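# Tertiary structure, described
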Amino acid sequence: MGSVTLNPQIANADPNPNNVNTKTPYRIYIGYDPKEDVAYEVCRYSILKRSSIPVEIIPIKQSELREKKYYWRERGKLESTEFSFTRFLTPFLAGYEGWAMFVDCDFLYLGDIKELFDLTDDKYAVMCVQHDYTPKETTKMDGAVQTVYPRKNWSSMVLYNCGHPKNKVLSPEVVNKESGAFLHRFMWLEDDEIGSVPFVWNFLVGHNKVVKDDPNTYPKAIHYTLGGPWFEAWKDCEFGDLWLKECKEVEKEKDQKVE
């Protein structure tokens, strides 16, 4: 099966000599929510700006998936974004072939995405930052309810080995009917089929900490999981200045295109 087209954007970057097929860009699916459009634009821009390999950015838009009859479940009260469940269609959308990444739109990339894809290991079905995270807050973002569950935030940034037999389970039928627990806790997999990547690739604002003079703690991807500077209430959050700086670059780029 070929990958499903959802209006991708391909970066003009140098080919990766370690990629078997240098003409094939790495696919990155970003969760999209209309109320966080600017967050998506900044996340996309931050990846493309720093990538030294060809990447294909594809927004996962619920409206498009509904039109294509890939997604039909009703939105639950605990779903804080439109991509709470659609994220798990990533292997299906990628045609169950190769590696692809899903990431929430509330990320800001500071590192070259090549470094992350270099960590992929075919023995795993998925790879992610395995946070031990229990938020203290009861709400997040624009007042959305903060839910607490095992493996919290693991699914917010996932490298999917789309060709792994176990990921064939993630069909539209399963993603539309299975529980949040089954999907967000990766219950279609055994523990040893879930690989780990360093926490700096999903650095949780308000939870993870930078240790002075320890480069292994410097974030490569900042995750504004509680809410980012695109919400008025979070304008002054930690690392908010970095996001706002990137946002200005996005706006400048758009202005130049208009001219």
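Just so it is clear, the structure is predicted and the values come from calculations on it, not from any experiment.

## Considerations on the overall build of the chain
Secondary structure assignment for the chain yields seven helices and twelve strands. Sorting the 259 residues of the chain into buried and exposed places 55% on the buried side. If you sum the accessible surface of the chain, you get close to 12300 Å²; carbon and sulfur atoms cover 49% of it.

## Details of the pattern of salt bridges
Close approach of charged atoms allows side chains of opposite charge to pair. Counting across every chain of the model gives 13 salt bridges. E246 is the partner of K49 in a salt bridge, and the nearest nitrogen-oxygen pair spans 3.8 Å. Highlighted residues: K49 in helix α1 (residues 37-50) and E246 in helix α7 (residues 240-258), separated in sequence by 197 residues. Exposure remark for E246: the relative accessible area of 3% places this residue in the buried category. In this structure, K114 engages D118 in a salt bridge whose closest nitrogen and oxygen atoms are separated by 2.7 Å. Judged by relative accessible area, which is 41%, D118 ranks as partly exposed. It is possible to trace a salt-bridge network through shared partners that takes in K49, R50, K245, E246 and E249.

## What about α1?
Between its first and last C-alpha, α1 extends 21 Å over 14 residues, near the 20 Å set by a 1.5 Å rise per residue. Counting buried positions along α1 yields ten of 14 residues, so the element is predominantly enclosed.

## Regarding the side chain of T90
The topology assignment puts T90 in helix α3 (residues 90-93). From its side chain, T90 meets the backbone oxygen of R87 in a polar contact 2.7 Å long.

## Details of the confidence of the model for the chain
Averaged over all residues, the pLDDT of the chain is 89; the fraction at 70 or higher stands at 84%. Between residues 12-21, whose pLDDT stays under 50, and residues either more than four places distant or in other chains, the model counts 18 contacts.

## What to know about the pairing of strand β4 (residues 99-103)
Looking down a regular strand, the side chains alternate between one sheet face and the other. Taking burial as the measure, the five residues of β4 include five buried ones, the bulk of the element. The alternating pattern of β4 places W99, M101 and V103 and A100 and F102 on opposite faces, both of which are buried. Of the pairings in the sheet, the one linking strand β2 (residues 26-31) to β4 comprises four bridges and is parallel in character. Along β4, the bridge assignment pairs I28 with M101. Looking at chain direction, β4 and strand β9 (residues 157-161) are connected through five bridges and run antiparallel. Paired with M101 across the strands is L159, a residue of β9.

## Remarks on the packing of aromatic side chains
Considering all chains together, one arrives at 15 aromatic pairs under this definition. Their ring planes at 55° and their centres at 6.3 Å tell us that F83 and F102 sit as a pair that is tilted. Within this pair, whereas F83 is found in the loop between α2 (62-67) and α3, its partner F102 is found in strand β4, the two being separated by 19 residues in sequence. For F83, a relative accessible area of 2% corresponds to the buried category. When the centroid spacing of 6.0 Å and the interplanar angle of 25° are considered together, the rings of F107 and Y109 count as stacked.

## Some thoughts on the sheet that holds strand β11 (residues 203-204)
One open sheet accounts for three strands, arranged β5-β12-β11; its pairing is mixed. Both outer strands of the open sheet, β5 (107-109) and β11, are each paired with one neighbouring strand and no more. The pairing of β5 with strand β12 (residues 221-223) spans three bridges and is classified as antiparallel. What sits directly across from Y109, in β12, is A221.

## Brief notes about the packing of α1 against α7
Packing of α1 against α7 brings their axes to within 9 Å, and their N-to-C directions diverge by 85°. With respect to α7, the element α1 is oriented roughly perpendicular. Counting all contacts with α1, which are made through V38, A39, E41, V42, R44, Y45, S46, K49 and R50, the residues of α7 involved are W243, E246, C247, E249, V250, E253 and K254. Its residues placed into classes, the contact of α1 with α7 shows seven nonpolar, one polar and eight charged.

## So, the pairing of β2
Of all six residues making up β2, six are buried, and the element is well covered by its neighbours. The alternating pattern of β2 places Y26, I28 and I30 on one face and R27, Y29 and G31 on the opposite face, and all of these are buried. In this sheet, strand β3 (residues 55-60) lies alongside β2 in parallel orientation, the contact comprising six bridges. Among the inter-strand pairings, R27 is bridged to a residue of β3, identified as E56. Once the chain exits β2 it traverses α1 before rejoining the sheet at β3, and the crossover so formed is right-handed.

About the thresholds
Along each chain, residue indices are assigned from 1 in the same order as the chain's sequence is written. Local features in this predicted model are restricted to residues of pLDDT 70 or higher, and side-chain atom pairs are both shown and tallied only at a pLDDT of 80 or more, whereas totals for entire chains, interfaces and linings draw on every residue. To obtain the side-chain values, all non-hydrogen atoms of the structure were included, while hydrogens and water were left out. Helix and strand labels come from DSSP, where a helix needs a run of H or I of at least four residues and a strand needs a run of E of at least two; each type is numbered from the N terminus. Classification of residues uses two cut-offs on accessible area relative to the type maximum, computed with a 1.4 Å probe and protein chains only: under 20% is buried, over 50% is exposed, and between them is partly exposed. Values of accessible area rely on a 1.4 Å probe in the Shrake-Rupley scheme; residue burial ignores everything except the protein chains shown. When a carboxyl oxygen of Asp or Glu is within 4 Å of a side-chain nitrogen of Lys or Arg, the pair counts as a salt bridge. Expected helix span is given by 1.5 Å per residue-to-residue step, counting one fewer step than there are residues. Counted as a polar contact is a pair of N or O atoms within 3.5 Å, where, for protein atoms, one must be capable of donating a hydrogen and the other of accepting one, and residues adjacent in sequence contribute only when both atoms are in side chains. pLDDT: the predictor's confidence for each residue, scored from 0 to 100. In what follows, residue pairs with any heavy atoms lying within 4.5 Å of each other are defined as contacts. The pairing criterion for strands is at least two bridges between them, as found by DSSP. Paired rings are identified among Phe, Tyr and Trp, the last through its six-membered ring, by centres lying within 6.5 Å, and are further divided according to the angle between planes into stacked (under 30 degrees), edge-to-face (over 60) and tilted (the rest). What counts as an axis is a line fitted to C-alpha atoms, over the stretch in contact for a helix, and the angles between N-to-C directions run from 0 to 180 degrees. Oblique is the label for any angle not under 35 degrees, not over 145, and not in the 65 to 115 range, which are roughly parallel, roughly antiparallel and roughly perpendicular in turn. Gly falls in the polar group here, along with every residue not listed as nonpolar (Ala, Val, Leu, Ile, Met, Phe, Trp, Tyr, Cys, Pro) or charged (Asp, Glu, Lys, Arg). Note on handedness: a clockwise path from strand one over the helix to strand two, with the strands aimed away from the viewer, defines a right-handed crossover.

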